[in-house]
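# Understanding the architecture of this molecule
Here are the chains, one letter per residue:
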Amino acid sequence: MKLELRSIRVKNCGPLDDVRVEFYDDQGKTLPVCVLAGANGSGKTTLLEVIVGMARHSGSRLPSRLRNLEYAQLDFLIEGQEYSVVLGEKPSDVVLSANEMSIIHISKDRPSSNTLLNRIMKQDLQQQNVEREFPGFAPHLVNGNRPPSILYFPHTRSLEPVSGAQVTKEKLPYEFVHRFDVVRSFSGSLNSYLVWLDYAEPEQFKAAQSFLNELDFEGKTFHVQRKTLDVIVRTRDGHEHKLHELSSGEQNLLILLMELRRRLLPHSIVLIDEIENSLHPAYQHKLAQALLKMQQMIPFQLIVTTHSWEIAEIFGASAVRVLTKF
Amino acid sequence: MTHAITSHSPELTEILFKAGGRIVVLVEGVDDQYAFRQWFDDRLTEVEFFECGGIIQVEKLLAEFLAQSSMKRGYAIIDRDFRTEEQVEESRQPESHCFVLRRYSLENYLMDVRPICMELEVVSGKKVDAVEIEKQLLALCQRLKTICAIQWVCWEKRVLYWPDGYDIEPREMLIEKAAKDFGCSPVEAETLIAEKEDLIVARLTDLKTAHTVISGKRLFHWGKRELGFDKLDKDHVRRMLVRGVKQAGLPDDVKIIVVDSIFATA
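## Focus: the overall build of chain A
When helices and strands are counted, chain A shows nine helices and 14 strands. In chain A, buried positions account for 42% of the 326 residues. Sequence-distant contacts in chain A: of pairs separated by 6 or more residues, those separated by 24 or more amount to 68%.

The following block contains the structure:
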């Protein structure tokens, strides 16, 4: 099943007065990568938060950022069929489809069972045999019919030290919208994941380990110390340190690529805020090229925000959408 | 009104990306960009200068910018070349977005007596006679009159300019080559060039007016060799003179364009 985000309209939300961003090219084809750019405070993060907030809204209350906006609309294509998720009072210039079934209204005040996920689940899901078609990806999500998901990486990305008793059994429930988190209690931390894999699924661990080693962090290799239940990093000259002691840039790269390998289902949407966080231009190339290579292995729509022209150049100027008014 | 965020040309995308919310000022080349960024480095929070690779690209990008802009905070500063005083004045209207320098090009502000003296004193460690430098510059302008006259005809005929370092003497050789480039006889070329030489010579009475008709790029090339910067790298000298201009005080014309016109209206 294909999930594509085509456009977003947001009115009166934080720094956004009234904007509509198109995630497709001049021929109407959805961009595989879209780079959201703009000065600080132009609303890049707000757009990502609106996408995530509206897509995952179910029974819970809306985040305050969404409760205060005047109107927002996300236009999706699900298996080629148009769906709009709308929130707030429709402006006069908006013309929605006459087919009520294709419109998902979200209420600011009350929970609703009418969600994007519900609409997706009503579609005739084809078997998503991830392991066979896309070996190595989302190994714990391959059983059963899993629709594509939305993976969101906020701009704060770092590894918290987890070892010993904090290591938990790897349980990776399917989440339609997954938001990366950095809190120490986060049960799905990367350290915990790798230690668990080494203990319980040595084959999976080997695959994950070679994936990490192939990323080539200046010759660093990744290992698990069973006595202490720690992930350790061995440098080219034989020194060792813990996983969370990697530089902030290395952590950024590791988190993004490892988490995608672990959670990415085909035709998902991946949102990355400030993709270049702490990365030297050489590492920006490394990350961008790894993402493009990943897209060749498993199709997904990538939407990133950045202040780095390096990143924009890699993905191409036609993929760039500048939010700053000029 | 809804702000529709779609794609632009790659060139405009790069400018909008790098400008953020700052005023955009388009200039012709990297040397111009370097000079303006240095001269206004304390205001780069509110303005950014972008080189476009020539006058044609400047005009094209400015038109694209203004056509798609709601705030119209985009401007261009271009060389005077052989434009008339009236054309320069016309570009200074309050609603203008494209300003023409009063001197021939940006290098004409670098090849001025005060910055040259200041930087020559740094290089030689000796006091430099400003009157002597002015005389040398004017003498050099006299020697450049024929090649600048040829450049003027090239400008009118839309023929490619000769390289900045092209020989400036003897006159007969220059006319012979010009005739080939213009596709006419040497006699016809001589007439065309002499007419422009007369107009140029009339402005060589002092350095200020000389700078409106003598190519600053050629003046820089030959001045670097003949004024005492010959042992230094060309880019190094340019950087020194940009600094010298700033230390000596920015030229009024540059301040009028950037501060009084662009900053005041943007």
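The rest of the description comes next.
## Quick notes on the domain arrangement of chain B
All names here are of chain B. Taken as a whole, chain B is organised into domain 1 (10-106 + 252-265) and domain 2 (113-248). The straight-line distance from the C-alpha centre of domain 1 to that of domain 2 is 25 Å. Taken together, the 13 residues of domain 1 in the interface contact 13 residues of domain 2. The residue inventory of the side of domain 1 that touches domain 2, partitioned by class, reads six nonpolar, two polar and five charged.

## Looking at helix α8 (residues 145-157) of chain B
Residue pairs spaced three or four apart in an α-helix point in one direction, given the helix's 3.6 residues per turn. Residue and element names in this part refer to chain B. Between the first and last C-alpha of α8 there are 18 Å, a value that for 13 residues agrees with the 18 Å anticipated at 1.5 Å per step. Taken as a whole, α8 has its buried residues at K145, T146, I147, C148, A149, I150, Q151 and W152. Residues of α8 that are buried in the fold lie against α7 (130-143), α9 (171-182), α10 (186-201) and α12 (216-226). Backbone geometry just after α8 places R158 at a positive phi near 55°.

## Quick notes on the packing of helix α7 (residues 248-263) of chain A against helix α8 (residues 281-297) of chain A
Residues and elements named next belong to chain A. Running from N to C, α7 and α8 point in directions that differ by 5°, and their axes come no closer than 11 Å. The angle between α7 and α8 places the two elements in the roughly parallel class. Touching G249, L253, L256, L257 and L260 of α7 are Y283, K286, L287, A290 and M294, all from α8. Class assignment for the residues of the contact of α7 with α8 results in eight nonpolar, one polar and one charged.

## Points about unusual backbone geometry
The omega torsion of the bond from B:E169 to B:P170 falls at -5°, within 30 degrees of zero and hence cis. Relative to the helices and strands, B:P170 resides in the loop between α8 and α9. With a phi close to 50°, A:E79 is a non-glycine residue in the positive phi region. With respect to the element layout, A:E79 can be found in the loop between β4 (71-78) and β5 (81-88). Although it is not a glycine, A:H267 adopts a positive phi angle of roughly 65°. One can find A:H267 in the loop between α7 and β12 (268-272).

## Notes on the interface of chain B and chain A
Contact with chain B, which involves 19 residues of that partner, is made by 19 residues of chain A. Residue assignment for the side of chain B that touches chain A shows that the elements contributing at least two residues are β1 (3-5) and α1 (10-19) of chain B. A per-class count over the side of chain B that touches chain A returns seven nonpolar, nine polar and three charged. Here strand β2 (residues 16-22) of chain A pairs with β1(B) via three bridges, running parallel.

## Structural notes on the sheet that holds strand β3 (residues 47-51) of chain B
Whenever strands of a sheet pair, they do so through backbone hydrogen bonds, lying parallel or antiparallel. Residue and element names in this part refer to chain B. Here we have four strands laid out as an open sheet, ordered β3-β2-β4-β5, and parallel in their pairing. With partners counted over all chains shown, the strands left at the sheet margins are β3 and β5 (98-100), one partner each. Adjacent strand axes in the sheet meet at a mean angle of 25° when their direction is disregarded. Here five bridges tie strand β2 (residues 23-27) to β3, and the two strands are oriented parallel to one another. Note that in β3 the partner of I23 across the bridge is V47.

## A look at the environment of B:Q247
Residues and elements named next belong to chain B. As for its position among the elements, Q247 is in helix α13 (residues 234-248). Given 12 C-beta atoms within 10 Å, Q247 falls into the exposed group. A C-alpha to C-alpha distance of 33 Å links Q247 and W162, two positions 85 residues apart in sequence.

## Section: the packing of α7(B) against α12(B)
Residue and element names in this part refer to chain B. Viewed as axis vectors pointing N to C, α7 and α12 meet at an angle of 130°, and their least axial separation amounts to 11 Å. Taken together, the axes of α7 and α12 lie oblique to each other. Note that α7 runs across α12; the crossing there is right-handed. Contact residues: L137, L140 and C141 in α7; L219, W222, G223 and E226 in α12. Residues belonging to the contact of α7 with α12 are distributed by class as follows: five nonpolar, one polar and one charged.

## What about the pairing of strand β9 (residues 221-225) of chain A?
Residue and element names in this part refer to chain A. Only one face of β9 is covered, namely the one carrying F222 and V224; the face carrying T221, H223 and Q225 has none of its residues buried. Here five bridges tie β9 to strand β10 (residues 230-234), and the two strands are oriented antiparallel to one another. The residue bridging Q225 from the neighbouring strand is D230, located in β10. Taking the residues between adjacent antiparallel strands as the criterion, β9 and β10 are bridged by four residues, where L229 takes a positive phi near 55°.

## Some thoughts on the sheet that holds strand β3 (residues 33-37) of chain A
Pairing within the open sheet is parallel, and its six strands lie in the order β8-β7-β12-β13-β3-β14 (chain A). Looking at the sheet topology across the chains shown, the edges are occupied by β8 (177-179) and β14 (320-322) of chain A. Across the sheet, the mean angle from the axis of one strand to that of its neighbour is 15°, orientation sign disregarded. Each of β3 and β14 of chain A touches α1(B); the most contacted strand, β14(A), lies at about 50° to it.

## Thoughts on α12(B)
Residue and element names in this part refer to chain B. Regarding α12, the residues found buried are G216, K217, R218, L219, F220 and G223. Buried-residue contacts for α12 involve α5 (107-110), α7 and α8. Just beyond α12, the residue with positive phi is G228, at close to 115°.

## Comments concerning the nonpolar core
Residues A:V35, A:I51, A:M54, A:L271 and B:V25 are the most contacted members of the largest nonpolar core, which totals 158 residues. Here this core takes seven residues from helix α1 (residues 44-56) of chain A, the largest share from any one element. Counting contributing residues, this core receives three or more from each of domain 1 (10-106 + 252-265) and domain 2 (113-248) of chain B. Sequence-distant contacts of A:V35, that is, excluding residues within four places in its chain, are made with A:V304, A:T306, A:I311, A:A312, A:F315, A:A319 and A:V320.

Conventions used here
Residues numbered from 1 in each chain as written. Chains lettered and ligands numbered in written order. Predicted model: local features only at pLDDT ≥ 70, side-chain atom pairs only at ≥ 80, totals over all residues. Helix = DSSP H or I, 4+ residues; strand = E, 2+ residues; numbered from the N terminus. Buried ≥ 20, exposed ≤ 12 C-beta atoms within 10 Å, placed from the backbone. Contact = placed C-beta atoms within 7 Å. Domains from an automatic or database assignment. Nonpolar A, V, L, I, M, F, W, Y, C, P; charged D, E, K, R; others polar. Expected span 1.5 Å × (residues − 1). Axes fitted to C-alpha atoms, helices over the stretch in contact; angles between N-to-C directions. Parallel < 35°, antiparallel > 145°, perpendicular 65-115°, else oblique. Pairing = 2+ DSSP bridges. Left-handed = near helix turned anticlockwise from the far one by under 90°. Core = buried A, V, L, I, M, F, W, Y, C linked by C-beta atoms within 7 Å.

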